[in-house]
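What the coordinates show
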Amino acid sequence: MTAPRPIRLLFAAIAVWVSAYLLKVVVAPELDAGPVFSRFAHDIVLVTAVAICFARVPSVPRGPERIAWALMGAGLLAWSLGEIYYTSFLWTDASPPLPSPADAGFLLFPPLVLAGSIALLRSRARGMPRRFVIDGVIAALAVAALSGAIVFETVLDTVEGAPLAVATGLAYPLLDLVLLGLAVGALASTGWRLDRTWVLVAAGLTTFWLADSLYLVKASAGTYEAGGWFDAGWWVGLTLIAAAAWQRPAPRDTQPAEERLRVIAVPLAFGFIGLALLVYGGFTGLNALAIGLAAASLVAVMARATLTFGENVAMLRTSRDEALTDVLTGLGNRRALSRTLDARLTDARPERPLVLVLFDLDGFKQYNDSFGHPAGDTLLVRLGGNLAAFLDGRGQAFRMGGDEFCALFETSGEPIEPMVLGAAAALSEQGDGFSIGCSHGSITLPLEAGEAAEALRIADQRMYANKHAGRTSAGRQSKDVLLRALAERHPELGSHAETVALAADTAEALGLPSDEVEQVRHASELHDVGKVAIPDAILGKPGRLTEEEWEFVRRHPVIGERIILAAPALTRVAGLVRASHERWDGTGYPDALAGEQIALGARIVAVADAFAAMIAGRPYQAARTADEALAELRRHAGSQFDPAVVEAWCEAHAHRVLHATA
């Protein structure tokens, strides 16, 4: 959230006062500014910073982040209380006691801020990769080692007195190096994303460390005097931490951090600091703490390298698996099949031949159109699982893409055909309104081919030859049976070869693909098959039909659909027959569809049916010439018929007449 106006005004007042204080100390130290720069004035700044930090806590949602700012506020309060005691009782003491009540407040600050920062990391850096956590450790150890080499070394050389005094004196540089390491390590563990919150926390801790380090160095040399210019570093550091509490969390980074050079370069740079300190310590006798921290930073660099290597190996393994695996079914893909074939063909023997079988599903397009692509994907997964289960222990299953599968298995002299048919059965499924089968082509290796590419080519040719033969037998034979039944029942309703051919020509002219043209051809032949259920007295009645008789007639498209659906290969044809008596204006039957709601193939069949009826005649109507029938079609274009279909029909008829007279 954005800090409210009173908070912003308080920050501005602190900034103005600190700037004026530094100007007074550096430029005009003898200037008497009254209570504005008295020794107690900075305590007001500290209390204000503490209040600002605590004011943020109630507005933070419950959880790690609220705990974080409560702990940091407590750390700021502890240090401020220590400073107030120091200002009140020890400010003018040339040799203040060590330890004192002020030290208790000062030394509580680092652990409380450390705990708050860890809680903030838990809130802001959830799901952070482990390598970023190690980067934070590397940075913290390297910076702590540097602090230990500079500040701790100085204090270690000069601290003396009672054990408690020595312990207190050494606690300051130890805790300072922890704080500095935390400041840098926190940024590293977030992937070096410059979140304003962490930048301000890091800047505050670094400023505080600089002030503390200068104090420890001067105190060790006996030259420290309260009220110096660098005292402002403590006050500014605490104020920056308070300001961090009011920063808006940074939005999620859209560019993956792992793609940035600094993610690798920065840990290496901190590792180099650790290495340089070890080399320096070898010549100068650096203290054990700095040496230990520097060595630990290099160990962390090695851990980071090991983790990165493991992640890269895992990514390569995943990429390899994905490159050889079909995403949908989990079976091997075409690339996996080619590799497997190349490997197996080198060891294949004629007495134990390999059998490669390619399968192409029949009826899958209709299934997708009827039930949707998600259902089609589910079907492919199910059939792929069936094939893999059938081949388990005997061979391998692959998906070549689309609705094509493959089986590869080895034989030991047993008949091949039962195995092939069993695999084909595993890729077949029937249900309410659908029937899925498959065409297949097989090849025996190395008897018929010695290379993978040649084997796949031959098997593919055989599969498509089988598929086309299957379509002829399933579709055309079923249609022929129905046409024979219709001709036996009502010879006058039999197939009209010229009209059927015109329907196919019209479908081609309107851009339908070849398989849909074939469906239009079949529907044109079978559109009257439902009339086998209409009594002869109605079909042959010379006069007008009554309303009850018309009800019988209007039922025949639905009856025809049910009859044709008995042949699964004609499922799409059945739908065209049902809609063949719909009208362009929506007044047709059985579903009162209109315009584009009617399938284009059904609109073509409607024109074909009307044209055939007009030129053949009916008991209640004399036959018309082809020109009269075409004129009648044009008259009803836009009401009964699709105008575009009528024009395409007329052009197809003219084209056939022209070729017939040529």
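For the structure, check the block above.
Everything numeric in this text was worked out from a predicted model, so none of it was measured. (Residues numbered from 1 in each chain as written. Predicted model: local features only at pLDDT ≥ 70, side-chain atom pairs only at ≥ 80, totals over all residues. Heavy atoms only, no water.)

1. A short note on the pairing of strand E2 (residues 395-401)
Each regular strand carries side chains that alternate between the two faces of the sheet. Going by this rule: Any two strands are treated as partners once DSSP identifies two or more bridges connecting them. A run of DSSP states H or I qualifies as a helix once it reaches four residues; a run of E qualifies as a strand once it reaches two. Both are numbered from the N-terminal end.
Summarising the sheet, E2 and strand E3 (residues 404-410) pair through six bridges and their orientation is antiparallel. Note that in E3 the partner of Gly-401 across the bridge is Glu-404. From the end of E2 to the start of E3, which pair antiparallel, there are two residues, and Gly-402 there has a positive phi angle of about 60°.

2. Quick word on the sheet that holds E2
For the record, the criterion: Helix axes are fitted only over the stretch in contact, all axes being lines through C-alpha atoms; the angle between N-to-C directions runs from 0 to 180 degrees. Two residues qualify as a contact provided that any one of their heavy atoms is within 4.5 Å of a heavy atom in the partner residue.
The strand order E2-E3-E1-E5-E4 describes an open sheet built from five strands, whose pairing is antiparallel. Two strands close off the open sheet at either side, each with one partner strand: E2 and strand E4 (429-431). Neighbour-to-neighbour, the strand axes of the sheet open up by a mean angle of 20°, direction not taken into account. In the sheet, E4 pairs with strand E5 (residues 434-445) via three bridges, with the strands oriented antiparallel. Each bridged residue has a counterpart across the sheet, and for Glu-429 the counterpart in E5 is Ile-436. On the sheet, helix H12 (residues 364-371) packs against strand E1 (354-362) and E5 and is oriented at approximately 150° with respect to E5.

3. Some thoughts on the nonpolar core
What counts, and what does not: Each nonpolar core is a collection of buried residues, namely Ala, Val, Leu, Ile, Met, Phe, Trp, Tyr and Cys, held together in the definition by side-chain atoms within 4.5 Å. Whether a residue is buried, partly exposed or exposed follows from its accessible area with a 1.4 Å probe, protein chains only, as a fraction of its type maximum: under 20%, in between, or over 50%, in that order.
Of all hydrophobic cores here, the largest spans 48 residues; its most connected members are Trp-17, Trp-69, Leu-76, Trp-79 and Phe-109. Counting only elements with at least two residues in this core, the list comes to helix H1 (5-27), helix H2 (41-56), helix H3 (64-90), helix H4 (101-124), helix H7 (196-221) and helix H8 (232-244). Considering each element in turn, this core owes the most residues, eight residues, to H8. Among all residues touching Trp-79, those that are not within four sequence positions of it are Leu-46, Gly-105, Phe-106, Phe-109, Phe-208, Trp-234 and Leu-238. Grouped together as the second largest cluster of nonpolar side chains are 35 residues, Val-520, Ala-579, Ile-598 and Leu-633 included.

4. Regarding helix H17 (residues 514-526)
For clarity, the threshold we go by: The length a helix should cover is 1.5 Å for every residue beyond the first.
An ideal rise of 1.5 Å per residue puts 18 Å on 13 residues; H17 measures up with 19 Å between its terminal C-alpha atoms. Within the span of H17, buried status applies to Val-517, Gln-519, Val-520, His-522, Ala-523, Ser-524, Glu-525 and Leu-526.

5. A short note on the side chain of Ser-524
By the element assignment, Ser-524 lies in helix H17. Exposure remark for Ser-524: the relative accessible area of 7% places this residue in the buried category.

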